[in-house]
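Listed below, chain by chain, are the residues.
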Amino acid sequence: MALAQTQAAGANKLKLMICDDSNIIRRKIERELKIDRLQVIATASNGRLAVEAFKKEPADVVTMDITMPEMDGIECVEKLVAIKPDVLILVISALADKATAIEALKKGANGFLCKPFTDRQLTEALEELLRGADHDDQG
Amino acid sequence: MMTKVELETFVEGTTHYFETAAHQPASVGSPYIVHEGKPTVQEFTGVISIAGKRRGIVYFTASRPMLTVMLMRMGETELTQENMVDLVGEVANTISGNARRDFGKDFMISIPTVVAGEPEKVAPPNNVRSFVIPINWRSHSAQLVVCLE
């Protein structure tokens with residue numbers, strides 16, 4: 001429901017925020033984003049800055065690193081979900097262990113992509129995230 | 001004594017990064033052991049510290065020309081010092097992630113730190129042999145150094 005409303009109001013674009021402490025990863029995600037319905041509205045280099053940006057303008061979709069200074073991705077996921085429960089969060093992390101993925105999902109993330117990733121893997125992961133949300137809206 | 005499987009985890013983490021992020025596989029050169037003194041440290045080095053079942057450091061060290069070409073292959077146009085620091089950090093991050101996945105709780109693995117241009121700040125433990133694994137990519141050579149008790 002919320003996603004459908006946002007799309008109608010926002011010229012059919014969903015708002016995306018990129019949160020990663022690596023400049024090259026933030027720029028890579030922006031550069032390789034090949035999903036027309038997503039529009040980058042903010043980038044943040046740590047969890048604290050992501051929460052601040054999210055309070056000013058909540059995104060519909062967030063890509064979230066885990067290991068970051070000041071506030072890590074797990075804590076940030078929890079805070080973003082508290083602000084906007086239907087936000088879609090794709091965790092993108094080099095921490096490839098199951099425990100990290102499970103913890104992120106428990107806090108409210110919706111998907112997990114391991115670093116390093118190709119542009120195709122990024123696109124597929126985001127499309128899967130959006131398909132899941134579309135399915136939930138219809139259900 | 002470090003096992004072959006343990007060593008392979010670190011090597012696989014490194015080569016996987018080249019293949020996936022830089023779109024071109026790296027080849028692994030003949031490993032060698034440094035018995036005395038300090039192994040090679042190039043201009044940019046991503047270091048992870050390890051404690052628990054094994055203690056010491058693992059680092060990936062590369063030259064500016066190599067990182068420049070890697071960034072270009074990744075589609076990055078800003079070939080800055082900051083992005084080179086970022087890049088070795090990301091390689092080390094991938095090595096660290098692989099190790100956490102494969103070794104589990106037996107190893108406590110730190111978040112990577114990056115040393116740029118100050119080789120004396122890369123400090124392997126004393127009296128420990130270092131395994132040096134050359135990572136060859138295009139015309140460049142980086143080193144993966146595993147220095148664990």
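Preceding block: the structure.
Throughout what follows, the structure given in this document is the object of discussion. (Residues numbered from 1 in each chain as written. Chains lettered and ligands numbered in written order. Predicted model: local features only at pLDDT ≥ 70, side-chain atom pairs only at ≥ 80, totals over all residues.)

Quick word on the interface of chain A and chain B
Part 1 of the argument: Facing the 16 residues of chain A at the interface are 21 residues of chain B.
Part 2 of the argument: Its residues placed into classes, the side of chain A that touches chain B shows seven nonpolar, four polar and five charged. (Contact = placed C-beta atoms within 7 Å. Nonpolar A, V, L, I, M, F, W, Y, C, P; charged D, E, K, R; others polar.)

Description of unusual backbone geometry
Residues and elements named next belong to chain A.
Part 1 of the argument: Residue Pro116 is bonded to the preceding Lys115 through a cis peptide linkage, with omega at -10°.
Part 2 of the argument: The topology assignment puts Pro116 in the loop between β5 (111–114) and α6 (119–138).
Part 3 of the argument: With phi around 70°, Glu70 is a residue other than glycine that occupies positive phi space.
Part 4 of the argument: The topology assignment puts Glu70 in the loop between β3 (61–64) and α4 (73–83). (Helix = DSSP H or I, 4+ residues; strand = E, 2+ residues; numbered from the N terminus.)

Quick word on the sheet that holds strand β1 (residues 14–19) of chain A
Residue and element names in this part refer to chain A.
Part 1 of the argument: Strand order across the open sheet formed by five strands is β2-β1-β3-β4-β5, with parallel pairing between neighbours. Looking at which strands have only one partner, the edges of the open sheet turn out to be β2 (38–44) and β5. Strand-to-strand twist in this sheet, taken as the mean axis angle between neighbours without regard to direction, amounts to 20°.
Part 2 of the argument: For β1 and β3, the ladder comprises four bridges, and the chain directions are parallel. Paired with Leu16 across the two strands is Val61, which belongs to β3.
Part 3 of the argument: Across the face of the sheet, helix α3 (residues 47–56) comes into contact with β1 and β2 while running at roughly 160° to β1. (Pairing = 2+ DSSP bridges. Axes fitted to C-alpha atoms, helices over the stretch in contact; angles between N-to-C directions.)

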